[in-house]
Protein chains: 2
Amino acid sequence: MDRKKRKLESGDRQDDDRLRILDSFEGFKVKSVISENSRCKTAVIHGELDGKDAIVLLERKPFNLSNVSNYFTEETGLENTLKNDIYGTYDAYPPKVENAVKAVVIHPATEKHVQKYTDQERYIVHETPSLYEQVTLPLITSKQFSIQWVYNILEKKKEADRIVYEDTDPDTGFILLPDMKWDRTDTSALYLVAIVHKHNIKSLRDLDTGSLPLLQNILKKGLKAIQDTYDIPASKLNVYIHYQPSYYHFHVHFTNVKFEAPGFGADRAHLLADVINNIQLYGDFYKKKTLTFLVREQEDLYMKFKDAGYFDCSEEVSVEK
Amino acid sequence: MDRKKRKLESGDRQDDDRLRILDSFEGFKVKSVISENSRCKTAVIHGELDGKDAIVLLERKPFNLSNVSNYFTEETGLENTLKNDIYGTYDAYPPKVENAVKAVVIHPATEKHVQKYTDQERYIVHETPSLYEQVTLPLITSKQFSIQWVYNILEKKKEADRIVYEDTDPDTGFILLPDMKWDRTDTSALYLVAIVHKHNIKSLRDLDTGSLPLLQNILKKGLKAIQDTYDIPASKLNVYIHYQPSYYHFHVHFTNVKFEAPGFGADRAHLLADVINNIQLYGDFYKKKTLTFLVREQEDLYMKFKDAGYFDCSEEVSVEK
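How each quantity is defined
- Residues numbered from 1 in each chain as written.
- Chains lettered and ligands numbered in written order.
- Predicted model: local features only at pLDDT ≥ 70, side-chain atom pairs only at ≥ 80, totals over all residues.
- Heavy atoms only, no water.
- UniProt positions renumbered as here; feature names shortened; annotations may be inferred.
- Contact = heavy atoms within 4.5 Å.
- Buried area = accessible area lost by both parts, 1.4 Å probe.
- Salt bridge = Lys/Arg side-chain N within 4 Å of Asp/Glu carboxyl O.
- Polar contact = N/O pair within 3.5 Å; in protein donor to acceptor, adjacent residues only side chain to side chain.
- Helix = DSSP H or I, 4+ residues; strand = E, 2+ residues; numbered from the N terminus.
- Nonpolar A, V, L, I, M, F, W, Y, C, P; charged D, E, K, R; others polar.
- Pairing = 2+ DSSP bridges.
- Phe/Tyr/Trp six-rings, centres within 6.5 Å; stacked < 30°, edge-to-face > 60°.
- Buried < 20%, exposed > 50% of the residue type's maximum accessible area, 1.4 Å probe, protein only.
- Axes fitted to C-alpha atoms, helices over the stretch in contact; angles between N-to-C directions.
- Left-handed = near helix turned anticlockwise from the far one by under 90°.

For chain A, an unreviewed UniProt entry supplies the name m7GpppX diphosphatase and the organism Mya arenaria. Its UniProt record, at the heading Sequence similarities (unreviewed entry), says of chain A: "Belongs to the HIT family." Here chain A is described in UniProt, under the heading Function (unreviewed entry), as follows: "Decapping scavenger enzyme that catalyzes the cleavage of a residual cap structure following the degradation of mRNAs by the 3'->5' exosome-mediated mRNA decay pathway."

In structure tokens, the structure reads:
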């Protein structure tokens, strides 16, 4: 049998595998849970089926609200778990038809699939000014994260057609344009970014009284540009800075309050109005402040804090005594 | 019949209503779906039971990952909905025990409850200290939700069996117990609340240097109790205060960093470690600070700010000049 024929046949066998449709999880061996999101009710399981790796993405379904009465019959059994005054908490068991779970099965799965769907451990860091000097700053300055793409935007070499608004002042000016995460049509998910023309403001840590004209200019003109362009008022917009940022050239995020933007958590987002107010009250606020953020175990910053022994005493540090 | 007796009897009748435990939704009439979140798989239904208004908060449960093999047996039926190469999409029907839906029943519910749980337009407010004095404080002191249920917990009249940890000190002590949003089994969705024994701390606005022993005690002992009880270290826990809070008796939220807790946004959550650090640096920080939060259009607070003309000039205010 010549190579080609053999290859074809093995190919055919593989195709047979690939076309297998399951009618239950019989024979499925669980190896580990590689990702989970309890708020979204999702989980990713790495397992084995027919001696080959498999990945299963599980997701609970939203409630079927077009037929919500289905849940509210004598068929839905209730088991009381808590009662206090007018509040009762129950485990409810709706009719079977309402219990379907979405399951995406990837089989056979490769190592790349496993990596792609594996969640990284995340750790809280409370970065004191001295930890910033000793751990974070050296990393930022040593490892020059390439931000050429930012300069391309500021110099109009790229994305010039996407610019929503520009103030060309070299000290207080900025370019406002859509974030890659926004489809640019659904304004309820509006997501714009203001990138400043001024260089060498690495992050929140570099802001002080001297930054106020820049910050106030971005807030005022950014909000006005969005009002004029998209007819969304200031009272419907979140305007904030990330710390740590994903790149160390100063920029500000503008998102619709209706949109649960990733990175709007209290462990990363700093409202621009708050930042301005803090600096107005205490000019050197961000030089003295302990700043809190999450690091992922595969990030350089996590390794640096680990090497510095931070996580050996994270509880004490977190108590900020 | 003298006042006292009548009062007692009406009190008893009321308690009977309040103590009714349901074993199914038989007799429940659906009026409308007043809120939904398909990403989080939650829905809030306004209905009627025994001729009284009722609100039901439905939430699909996170997957039970401590026993994930339960989902991967021949018991879990699969209905194929899509197949392409190595990717197969199915509707999965896990064993009944894995299909419980969390249902919080509020009955009898007041108009205020209906408002609280109805999806509404939301507006950002930047509350200066003077706006707090003129608008927010008068409202808090004039009217608020009954917090009898809080006192029931502190006095061990309710939920005593759910207490995870208690420090009985009247000034710095607190009771740590599971939030109603947590099913108490999936620690990746861990959500505990520390309710302080001390009365008359309404919110973040009341905190100053004198509050540091209380705040540091909650942070240190709360984290230790969670480490001891659930084996989750401080570096994996978000510890924060809400402003505005949902009730004006001081309490602190503890959630797993893996859990995208509602109300963890930068527009509401204030990390306890940050609060402590800010007060250590500037004792009167929360007396001077402009605080930002969202108000919903049916909340009294929104109406008060609207009547005060706040939204007629929200852009200027948000610029904080």
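That covers the picture; the talk isn't over yet.
Before going further, it helps to examine the interface of chain B and chain A. Contacts between chain B and chain A engage 122 residues on the former and 110 residues on the latter. Here chain B meets chain A over a buried area of about 11,100 Å², counting both sides, of which 60% is carbon and sulfur. Across the contact surface, chain B and chain A share 12 salt bridges. Where Lys 41 of chain A meets Glu 59 of chain B, a salt bridge forms, and the shortest distance between an N and an O atom there is 2.4 Å. Where chain B packs against chain A, one counts 46 residue pairs in polar contact (both at pLDDT 80 or more). Tallying contributions element by element places strand E5 (residues 87-93) of chain B first for the side of chain B that touches chain A, with seven residues. Residues of the side of chain B that touches chain A, tallied by class, amount to 58 nonpolar, 28 polar and 36 charged. Across six bridges, strand E6 (residues 101-106) of chain A lies against E5 of chain B in antiparallel orientation. Residue Lys 102 of chain A lies in a different strand from E5 of chain B, and its bridge partner there is Asp 91 of chain B.

Before going further, it helps to spend a moment on the packing of aromatic side chains. All names here are of chain A. A complete count under the given rule lists 40 aromatic pairs over all chains for this structure. On the numbers, 4.8 Å between centres and 80° between planes, the contact of Phe 285 with Tyr 286 is edge-to-face. Here Phe 285 falls in the buried class, since its relative accessible area comes to 2%. On the basis of relative accessible area, Tyr 286 is assigned to the buried category, the value being 2%.

This next bit is on the sheet that holds strand E1 (residues 29-37) of chain B. Pairing within the open sheet is antiparallel, and its six strands lie in the order E4(A)-E5(A)-E6(B)-E3(B)-E2(B)-E1(B). Each end of this open sheet is capped by a strand with a single partner; those strands are strand E4 (77-84) of chain A together with E1 of chain B. When strand polarity is set aside, the average angle formed by the axes of neighbouring strands in this sheet is 25°. Where strand E2 (residues 42-49) of chain B and strand E3 (residues 52-60) of chain B come together, eight bridges link them in antiparallel fashion. Within E3 of chain B, the position partnered with Leu 49 of chain B by the bridge is Lys 52 of chain B.

The subject of this paragraph is the packing of helix H3 (residues 129-142) of chain A against helix H8 (residues 300-307) of chain A. Residues and elements named next belong to chain A. The contact between H3 and H8 brings their axes to 10 Å, and the two run at 145°. Pair H3 / H8 crosses with right-handed handedness. Contacts between H3 and H8 pair Leu 131, Val 135, Thr 136 and Leu 139 from the former with Asp 300, Leu 301, Lys 304 and Phe 305 from the latter. Among the residues making up the contact of H3 with H8, the classes are represented as five nonpolar, one polar and two charged.

For the rest of this paragraph, the subject is the side chain of Asp 91 of chain B. Here Asp 91 of chain B is to be found in strand E5. Relative accessible area serves as the criterion here: at 15%, Asp 91 of chain B is assigned to the buried category. Within the local environment of Asp 91 of chain B, its side chain forms a polar contact with the side chain of Lys 61 of chain A, the two groups lying 2.7 Å apart. Those residues in contact with Asp 91 of chain B that sit more than four places away from it in its chain are Lys 61, Ala 100 and Val 101 of chain A together with Gly 77, Leu 78, Glu 79 and Thr 81 of chain B.

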